[in-house]
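Per-entry structural report
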Amino acid sequence: MTDYNDGNWHIWNGGECPVHPKSEVRMIWPSPEENRSPLDSTQNADDFSWNDVPCVFRVVKEYREAREWWIAGRN
């Protein structure tokens, strides 16, 4: 399994979002208009449509779930 949270650029050809939806991702994808620069945006992963067009992306800031800790007292 590929670790997409390594900060490197990855090619994506479509499918389900490969990272946590709350991770901050920078994505570059082709413009729908001819002779236009590629579109470039940085947002949370769930703000992008991962199925529509091929793109390149990298994780800017990985989202990590908060840990829960339980402390049991001794009686």
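Details of the structure are given in the entry above.
Residues numbered from 1 in each chain as written. Predicted model: local features only at pLDDT ≥ 70, side-chain atom pairs only at ≥ 80, totals over all residues. Heavy atoms only, no water.

A few words on the pattern of salt bridges. Scanning the model with the defined rule gives 3 salt bridges in all. Salt-bridge contacts for D40 lead to R26; the nearest nitrogen and oxygen are separated by 2.5 Å. Here D40, found in strand β3 (residues 39–44), pairs with R26, found in strand β2 (residues 24–29); they are 14 residues apart in sequence, far enough to count as distant. Note on D40: relative accessible area 41%, which makes it partly exposed. Across the pair R36 and E33 runs a salt bridge, and its minimum N-O distance is 3.1 Å. Owing to a relative accessible area of 53%, R36 belongs among the exposed residues under this scheme. (Salt bridge = Lys/Arg side-chain N within 4 Å of Asp/Glu carboxyl O. Helix = DSSP H or I, 4+ residues; strand = E, 2+ residues; numbered from the N terminus. Buried < 20%, exposed > 50% of the residue type's maximum accessible area, 1.4 Å probe, protein only.)

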